[in-house]
Structure formats: C-alpha cells, structure tokens
Amino acid sequence: MTEPGMIEHYDVLIVGAGLSGIGAAHHLQAAFPAKTYAILEARDAIGGTWDLFRYPGVRSDSDMFTLGYRFRPWTEAKAIADGPSILGYVRATAAEAGIERHIRFGHRVTRAGWSGDQARWTVEAERPGGETTTLTCGFLLMCSGYYRYDHGYLPLLPGLGNFGGQVVHPQHWPADLDYAGKRVVVIGSGATAVTLVPALAETAGHVTMLQRSPTYILTMPAEDVVAVQLRKLLGARRGYAVTRWKNVAMMTLIYKLSRRRPDMIRGWIRQMAIKQLPDGYDVDTHFKPVYNPWDQRLCLVPDGDLFKAIRDGRASVVTDRAKTFTERAVVLESGAELGADIVVTATGLQLLAFGGTELTVDGRPVHLPETMAYKGMMLSGVPNFAFTLGYTNASWTLKADLVSEFACRLLKYMDSRGYDTCVPVNDDPAVTPQPLLDFQAGYVLRSVDQGMSYAHDVVILRHGKIDDGSMRFSRAGQEPSPFGSNLSEIDKLRR
C-alpha cells in the first residue's frame with residue numbers, strides 16, 4: 001500500500017483498457033513478470049470501442065483471425081464477429097491473465113510530463129468527481145485509440161432542428177430506442193452505416209441509407225470455411241496462425257492490386273455488386289465511388305446482408321444531399337423528400353490524439369505536427385513513450401500486437417545495458433516527412449492523415465535492430481548519447 005501523500009510509481013503505465021491496452025498488458029506481464037504496471041481507463045469498463053458502441057448490428061470490419069490477438073486464438077465460427085462477441089473476447093483475455101486487478105477505472109489522463117533528470121513521467125488523471133490523481137512511471141504506453149469518446153462527428157445539417165422525430169448518433173445509441181415498424185433514414189455510407197442498415201431493416205418499416213457519394217462495399221463470408229478446416233487439421237493454435245497469415249496475404253494482395261490496377265479491382269467489386277442487387281438496379285449511381293479502391297477503407301458486409309436487405313425491399317439507397325428537414329421528412333437537394341420517423345447520423349468520428357493528453361518534455365509542450373513518428377509508434381524527441389495506432393488497410397490488432405512486442409524488446413534492451421532513457425531522434429536529412437495515416441477517410445482528413453505493410457513491420461518491429469542509429473539511449477541525468485549504445489570515449493567517462 002502507498003502511504004498517504006506518496007505518489008505511486010510504476011515501471012510502465014498503459015493508457016486505455018480496450019483491445020490495444022489489454023493486449024499490451026498481456027505482452028508486458030508475460031515478458032516482465034516482476035515489472036510493475038497499471039492501466040488507466042477513463043471509462044468504468046473494459047473494452048474501449050467494443051464497450052462504447054451499442055448500436056444494432058455493431059461488428060468488426062476486419063476478420064477476427066487478424067483482429068484477434070496473436071497470442072490468443074479466436075475459436076468462434078464467425079469470421080466477422082458482432083460487437084458483444086468481441087467485447088467478451090477482450091474481457092476473457094483480461095480475466096484469464098489477471099489483468100483486471102491492474103486497471104484503474106475512472107482515470108482520464110489529462111497531462112503527462114517527462115523529467116530527464118529523474119527519467120520518469122509524471123501523469124495526471126482526472127477522476128469522475130473532478131479530483132486529480134498523480135502517478136509516475138518509467139515508460140508511458142498510450143493505447144487510447146484515435147477518436148473522441150464523448151461525442152462523434154456531426155456535420156452541418158441545415159434545418160435539423162425542424163425534425164420532430166428522434167435524431168440518434170450511433171456513438172450514443174439509446175438502449176430503449178424503438179424502431180420497429182418505423183421509417184428510418186441513416187445518413188452516411190461508411191462502415192457504421194452499412195452495418196446499421198441491414199440490422200435495422202430486420203424490424204423497421206423501411207430503412208433508407210442517404211449518402212452523398214458511394215463507398216466500395218465488398219461481400220465476405222460470415223464464416224471462414226478454410227479456417228474451420230485448418231483448425232481441425234492443425235489444432236486451434238496452429239490453425240489460427242496459418243489462417244491469420246492467409247488472411248493477411250489476401251488483404252495485402254487486394255490492397256496492392258487496388259493501388260497498381262485500380263480499374264481491375266473497381267470492375268471486380270462492381271460485378272459482385274451487380275450479382276447481388278435486383279435486375280436493372282442503378283449500380284453506377286449508388287455503388288460506384290469516384291475514388292479508387294482503398295483510397296478509403298473498404299466496407300465489408302458478411303454474406304452480403306446489405307444487398308439482401310435491398311433485394312427484399314426492406315432497405316434502399318439514395319445518393320443525394322440533405323438540404324433541410326421538415327417535421328417528418330428529409331428534404332433533398334434534388335427536391336425529393338424522404339419520410340422519416342428516426343434519423344440516424346452515421347456521419348463519422350472526431351479524431352483526438354492520445355485522448356487529448358497534454359504532453360511536455362522537461363517543461364516544453366510537445367506539438368504533434370512538429371514531431372515525426374518513429375516506426376509508426378513513437379515520437380521524435382519524446383523519451384520513453386510509445387503509442388498504438390492500427391493499420392488503415394488491415395486489422396487494427398496486427399499493428400497493436402507488434403507495437404507491444406517492440407516495446408517489450410526495447411525495455412529488455414535497456415534493462416540489459418543499464419539504460420533508463422530512450423528517445424527517437426531525427427537527424428537524417430534524407431528522411432522525407434509523410435502523413436502518419438496514409439488514408440483518405442473523411443474523419444482522418446479532418447485531422448492528421450497507417451496504411452503500411454504488416455509483413456514489413458513484422459521484420460522491423462519483431463526482428464529488427466533496437467539500436468538502429470535513430471534511437472538514442474542514456475542514463476538518468478545524461479543527455480542521450482548521439483552514438484546510440486556504441487560506447488564513445490565520452491560515454492565511457494559518463495559511466
């Protein structure tokens with residue numbers, strides 16, 4: 001127990017108890033049974049995104065053989081899993097590893113300051129009652145995602161106040177919302193919209209997806225029959241590993257072909273849509289985007305459920321813009337009206353780097369645009385700090401696992417050589433700045449703009465050199481050595 005007035009210190013602090021944070025904790029305690037750590041979670045439950053989003057049909061937009069952890073096989077039949085199943089998977093992972101007792105719920109991290117003299121972070125977290133808790137740590141790992149949890153993005157919708165029905169944002173779905181037999185208009189065309197529409201259409205009177213422009217939508221089997229056979233043949237763990245790489249290879253192939261031969265992939269996706277829609281359907285108006293495949297993330301629909309809802313007449317797609325609203329309708333720029341009892345604004349997310357945490361290094365504020373991302377997981381000039389940001393062209397967890405593995409390798413390297421500070425430094429004029437997120441999704445373009453190669457990152461993060469010339473190491477009170485861990489005469493004297 002910590003004495004009254006004493007500030008608790010941990011070897012590592014993890015921010016966020018979602019998919020990434022629980023995975024990071026699992027990696028950390030497996031690699032360092034003796035290290036102390038805590039997870040600071042702003043909300044009052046494990047799960048992050050998968051606990052927050054409760055709208056009908058919420059599910060993964062990646063297959064679970066890649067969205068699942070590398071160290072814990074996904075064993076359920078569905079490859080595209082629903083939100084409650086994913087939440088159960090994350091919570092079971094935490095429970096089995098005893099991670100739950102390390103979580104501090106109701107701790108929203110607001111500030112973190114690094115002291116070079118002490119070689120530690122001082123972290124401030126706000127509690128629900130408004131009081132502030134202060135903790136310190138040797139290494140800070142941010143696993144808080146990239147968007148605001150308190151509210152989603154809502155574009156200007158003129159006249160929305162005129163609407164007499166309910167207006168709902170998927171990020172804050174009312175548990176008691178009754179949409180049975182009602183007319184629902186879902187504004188949006190991204191992953192959330194294409195998930196909501198078929199789910200709502202099961203009981204609603206009719207569901208209309210109102211989109212300003214089309215999105216690429218790809219049908220995927222809800223169950224991976226190859227994965228089932230591999231599991232039977234190789235066992236759960238080996239079958240999972242092989243399926244994981246199979247799916248990575250497929251995603252990579254589609255992504256690369258989309259970049260190199262966009263017309264071919266565009267035509268392939270279009271033909272698949274035609275086969276699943278009613279005869280004579282205006283595919284080019286509603287399902288032919290103006291951009292190339294993978295300029296934005298592809299939307300996956302398990303077993304073509306969206307197309308089935310359209311075929312059955314339970315759902316429809318309108319490509320137009322909302323001009324204004326009346327008490328019971330959405331008035332479009334074309335002059336048409338969509339009758340509505342409920343309007344769902346599936347209009348996206350708002351980015352919020354590191355959960356809004358203010359970072360300082362020796363009293364100087366860290367301005368993100370002035371830093372460079374090292375290996376897509378650390379910031380130049382910011383010591384003993386890493387963050388998890390998943391891929392945009394593949395599953396989030398593929399990168400999250402690699403970040404945690406690299407952080408553990410980095411800590412082992414420092415421990416074995418007596419270092420307590422590491423910091424990436426960009427002093428190579430040949431390095432060309434590029435966006436951290438190589439992606440065109442609207443909610444990304446409103447903020448910063450990680451489509452990367454998983455196979456490349458496996459080599460670099462899982463097997464690459466720690467002392468690579470860009471990472472500098474030192475001991476408390478020293479300036480980081482400009483020679484990495486290579487002992488110069490000055491470094492020998494400092495010892």
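For the structure, check the block above.
Residues numbered from 1 in each chain as written. Predicted model: local features only at pLDDT ≥ 70, side-chain atom pairs only at ≥ 80, totals over all residues. Heavy atoms only, no water.

Caption draft 1: Summary view of the pattern of salt bridges. Per the counting criterion, the structure on display carries 23 salt bridges. Between R104 and E8 there is a salt bridge, with its nearest N and O atoms 2.5 Å apart. In this pair, R104 is assigned in strand β3 (residues 103–105) and E8 in strand β1 (residues 8–15), connecting sequence segments 96 residues apart. Using a relative accessible area of 24% as the deciding quantity, one classes E8 as partly exposed. Taken together, the salt bridges that share partners define one network made up of R43, D51, R54 and R91. (Salt bridge = Lys/Arg side-chain N within 4 Å of Asp/Glu carboxyl O. Helix = DSSP H or I, 4+ residues; strand = E, 2+ residues; numbered from the N terminus. Buried < 20%, exposed > 50% of the residue type's maximum accessible area, 1.4 Å probe, protein only.)

Caption draft 2: Layout of empty space enclosed by the protein. Space inside the largest cavity adds up to approximately 50 Å³. Around the largest cavity, the lining residues are V12, A24, L28, F139, L141, S404, A407, C408 and L411. Those elements that provide at least two residues to the lining of the largest cavity are α1 (19–31), β6 (132–142) and α11 (396–417). Counting residues per element, the lining of the largest cavity draws most heavily on α11, at four residues. A breakdown of the residues in the lining of the largest cavity according to their chemical character gives eight nonpolar, one polar and no charged. The computed volume of the second largest cavity comes to approximately 30 Å³. As for the second largest cavity, its lining consists of Y216, R266, I269, R270, F287, K288 and P289. Here the residues of the lining of the second largest cavity sort into four nonpolar, no polar and three charged. (1 Å grid on protein atoms, 1.4 Å probe; cavity = no way out; pocket = protein on both sides within 12 Å on 5 of 7 lines; lining within 4 Å. Points joined across faces, edges and corners; volume = space filled by probe spheres on them. Nonpolar A, V, L, I, M, F, W, Y, C, P; charged D, E, K, R; others polar.)

Caption draft 3: Summary view of a nonpolar patch on the surface. Taken together, the side chains of L233, L234 and V242 define a hydrophobic patch exposed on the protein surface, amounting to about 280 Å² of accessible area. Looking at where L234 falls in the secondary structure, it is placed in helix α6 (residues 225–234). (Patch = residues over 30% accessible without salt bridge, like charges linked within 9 Å, V, L, I, M, F, W, Y side chains within 5 Å. Areas by Shrake-Rupley, 256 points an atom, 1.4 Å probe, with all protein chains shown as cover.)

Caption draft 4: The arrangement of the sheet that holds strand β15 (residues 337–339) in detail. Strand order in the open sheet formed by three strands is β13-β14-β15, and the pairing between neighbours is antiparallel. Two strands bound the open sheet, and with one partner strand each, they are β13 (322–326) and β15. Strand-to-strand twist across the sheet, computed as the mean angle between neighbouring axes with direction ignored, equals 25 degrees. Relative to β15, strand β14 (residues 329–332) is paired through three bridges, and the arrangement is antiparallel. Paired with V330 across the two strands is L338, which belongs to β15. (Pairing = 2+ DSSP bridges. Axes fitted to C-alpha atoms, helices over the stretch in contact; angles between N-to-C directions.)

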